[in-house]
Every structure is written in C-alpha cells, then in structure tokens.
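Coordinates in review
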Amino acid sequence: MTEMKKYAHGQFCWSDLGTSDPSAAKTFYGELFGWTAVDMPAGPAGTYTRLYKGDRDVCGLYEQTQPGVPSAWMSYAAVTNADAATAKAKDLGATVKMGPFDVSDAGRMAVFEDPTGAAFAIWEAKKHIGAAVMNEVGTLCWHELQTRKVDAAVGFYSKLFAWSAKRSKAGAHEYFEIFRSNEDPAGGMMEIQKEWGDVPAHWLAYFAVDDCNAQAEKAKSLGATLLVPPTDIPGVGRFAIVQDPQGAVFSIIKMKP
C-alpha cells in the first residue's frame, strides 16, 4: 500500500473519467473495483463524483457533455505552478484545451493536447493533493503514453517535466520507461503499432488487480469489451486493456512482486 501525502512536480497524481452516463459508470466501476461514489456540487459544471476505496479517494468521474467528445479517462500530473506549467507547455507546442482555472479551493488545473495529439491534465494542489492512495489493488498504479511520435513526445515531456526516458523491450515492441529527475518511475510510453488500427495518441491509466484473468472476466460480465485479453509482460506482470460500456478505455494489471 502507498498512502499519498504529497506529489512531486511531474508525478502522476489523479485520473478521472469523463463519461456519457455517470450513473451507469458508477455502477460498473463500483462492481468491478469495489469503489463507492460520493457526488459533489461543481457549480455550472454540474456534479463531480469522487470514487473511494474505503475511506480514501482514488479517482473521479463527471458527465462528458461536449459534443463529439467520447467517454475517456484523463491522467493528471502534479505541478508546483499551473500557470507557469501551462505557459511552458504552450511554448513547447502543446494545445491548451482548458485553463488554467481554479477548482474551488481544491486546486488549480489545465488540460492540454500534447504535440503528438494525446490529452493530459496538470494539477496544482491546494486542499486536494490527488489520489489518497496508489499502488494497491483497486487503485491507480501506472500511466502509459501510446503515440506514433515517440521522439517528439520524449522531447516535449523531458522539457516540460524534466523526465528522462529509458528504452527497453515489451515483448516484440520497444518500450520507454519514463523517469522523473529523482529516478522514480513516472510512467511509460509505447509507439502505436500499425496492427492496432486507427488508434489516436492517448494516455492509458492502469489499475492494480489481484487476479487479471478474473477481473477481465468480471469486466466482460458487466458489459465491457476486452481490447487486449489477459497477457503476460515478462518480468512485469499480467495485464488486459478494457473498454467500459460507455467506450472509455483503461488497463488492469497484476504486478509481479
């Protein structure tokens, strides 16, 4: 278990789901991960729901009402100053989609599209640091960028967050493990392969499970689609990629000890 008290600059701290059907999503993820949902008023934006494992929040969801925007998970990286990070991201070629703006007294955020087309968000914590716990069953444990422009992504994020990238192998494919300046893993990156089809660049959130096969079957029984069935990653663990009933994609993984 990793109980979180603070996140370093450039460390992933939160993920939330913009969904076409919040009620159905709460039921699906509640059944799959044992989360409980707590709705909070969000002013003109309507309702924001925090999802809890026990008494600790792990992620959130809200209704996606923008025309043409599909249901999707969003990964958030912690920053010390959202305004400065937004200006820097823009200078490095990102497209600012929202913000920076205050989320009541919880924090300040912005949403971007990186130069390769992947959406992500930044979070300057005030009263809410992000997820209260990570790296245990039913919580976030990894974030992975899948893009066709690996070199451009390495250049962008290394300058924005002072990340470095180490090349390795994931089966037949090249994989990049991304490190923060203190050598703690920040996430991963993989080039989108031709056989994957017309997949847009995106950040993929991973949730830890205690049995990948069982959780994948449970997701299917709840109406999800398995985009990648349970598959071993040598030396890492066993994972699957899941599309929820509203179309949002995420991954589950049983990590090796």
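Quick summary incoming for the structure in this document.

1. What about the overall build of the chain?
- In terms of regular secondary structure, the chain is built from four helices and 18 strands.
- The C-alpha radius of gyration computed for the chain amounts to 17 Å, which stays within 12% of the reference 18 Å derived for 257 residues, consistent with globular compactness.
- In terms of overall dimensions, the chain has C-alpha extents of about 45 × 45 × 35 Å along its principal axes.
- Relative to all contacts within the chain whose residues are 6 or more apart in sequence, the contacts with residues 24 or more apart total 58%.
- On the chain, roughly 12200 Å² of surface is accessible, and the fraction owed to carbon and sulfur atoms is 53%.

2. Quick notes on the layout of surface pockets
- Within this model, the second largest pocket holds a volume of roughly 310 Å³.
- For the second largest pocket, the lining is made up of 14 residues, of which Gln 11, Asn 135, Cys 141, Arg 180 and Pro 185 are closest to its centre.
- Put simply, the parts of the chain that give the lining of the second largest pocket at least two residues each are β11 (140-147) and β14 (185-191).
- Sort the elements by how many residues they give to the lining of the second largest pocket and β11 lands first, with four residues.

3. Description of the environment of Tyr 62
- When you line up the elements, Tyr 62 lands in strand β5 (residues 56-63).
- In this structure, the C-alpha to C-alpha distance between Tyr 62 and Asp 21, residues 41 residues apart in sequence, is 8.7 Å.
- Ignoring any residue separated from it by four or fewer positions in sequence, one finds Tyr 62 in contact with Asp 16, Leu 17, Gly 18, Thr 19, Pro 22, Thr 47 and Tyr 48.

4. Some remarks on the pattern of salt bridges
- Applying the stated criterion across every chain yields a total of eleven salt bridges.
- Of the charged contacts in the structure, one is a salt bridge between Asp 39 and Lys 26, with a shortest N-O distance of 3.0 Å. With Asp 39 in strand β3 (residues 36-41) and Lys 26 in helix α1 (residues 22-33), this residue pair connects regions lying 13 residues apart in the sequence.
- Assessed through its relative accessible area of 44%, Asp 39 is described here as partly exposed.
- Linked by salt bridges that have partners in common, Asp 83, Asp 102, Arg 108 and Lys 126 make up one network.

5. Observations regarding the pairing of β3
- Direction of pairing for β3 relative to strand β4 (residues 47-53): antiparallel, over a ladder of six bridges. Each residue of the ladder has a partner; that of Ala 37, found in β4, is Leu 51.
- Counted between consecutive antiparallel strands, the loop separating β3 from β4 contains five residues, among which Gly 43 sits at a positive phi close to 60 degrees.

6. Thoughts on empty space enclosed by the protein
- A full pass over the atoms with the stated rule returns one cavity of 30 Å³ or more.
- Volume-wise, the largest cavity comes out at about 60 Å³.
- Where the lining of the largest cavity is concerned, the elements lending two or more residues are α3 (150-161) and β12 (164-170).
- Its residues assigned to classes, the lining of the largest cavity comprises seven nonpolar, two polar and no charged.

7. Quick word on the sheet that holds strand β8 (residues 107-113)
- Spatially, β3-β4-β5-β2-β6-β9-β8-β7 is the arrangement adopted by the eight strands of the open sheet, whose pairing is mixed. The sheet is open, and its two borders are formed by β3 and β7 (95-103), each paired with just one other strand. Each strand of the sheet is rotated relative to its neighbour by a mean of 25 degrees, with strand direction disregarded.
- As judged from the six bridges shared by β7 and β8, these two strands associate in the antiparallel manner. Paired with Val 96 across the two strands is Phe 112, which belongs to β8.
- On the sheet, α1 packs against β2 (12-19), β3, β4, β5 and β6 (72-78) and is oriented at approximately 150 degrees with respect to β5.
- Each of β6 and β9 (119-125) touches α3; the most contacted strand, β9, lies at about 5 degrees to it.

8. Thoughts on the packing of α1 against helix α4 (residues 212-221)
- Where α1 meets α4, the closest approach of the two axes is 10 Å, and the angle between their N-to-C directions is 155 degrees. As far as their axial angle goes, α4 and α1 are roughly antiparallel. Considering only the axes of α1 and α4, their crossing is right-handed. Judged by residue contacts, Phe 28, Glu 31, Leu 32 and Phe 33 of α1 engage Gln 215, Lys 218 and Ala 219 from α4.

Here is what the cut-offs are and how they apply
Residues numbered from 1 in each chain as written. Predicted model: local features only at pLDDT ≥ 70, side-chain atom pairs only at ≥ 80, totals over all residues. Heavy atoms only, no water. Helix = DSSP H or I, 4+ residues; strand = E, 2+ residues; numbered from the N terminus. Rg over C-alpha atoms; globule rule 2.2 N^0.38 Å. Contact = heavy atoms within 4.5 Å. Areas by Shrake-Rupley, 256 points an atom, 1.4 Å probe, with all protein chains shown as cover. 1 Å grid on protein atoms, 1.4 Å probe; cavity = no way out; pocket = protein on both sides within 12 Å on 5 of 7 lines; lining within 4 Å. Points joined across faces, edges and corners; volume = space filled by probe spheres on them. Salt bridge = Lys/Arg side-chain N within 4 Å of Asp/Glu carboxyl O. Buried < 20%, exposed > 50% of the residue type's maximum accessible area, 1.4 Å probe, protein only. Pairing = 2+ DSSP bridges. Nonpolar A, V, L, I, M, F, W, Y, C, P; charged D, E, K, R; others polar. Axes fitted to C-alpha atoms, helices over the stretch in contact; angles between N-to-C directions. Parallel < 35°, antiparallel > 145°, perpendicular 65-115°, else oblique. Left-handed = near helix turned anticlockwise from the far one by under 90°.

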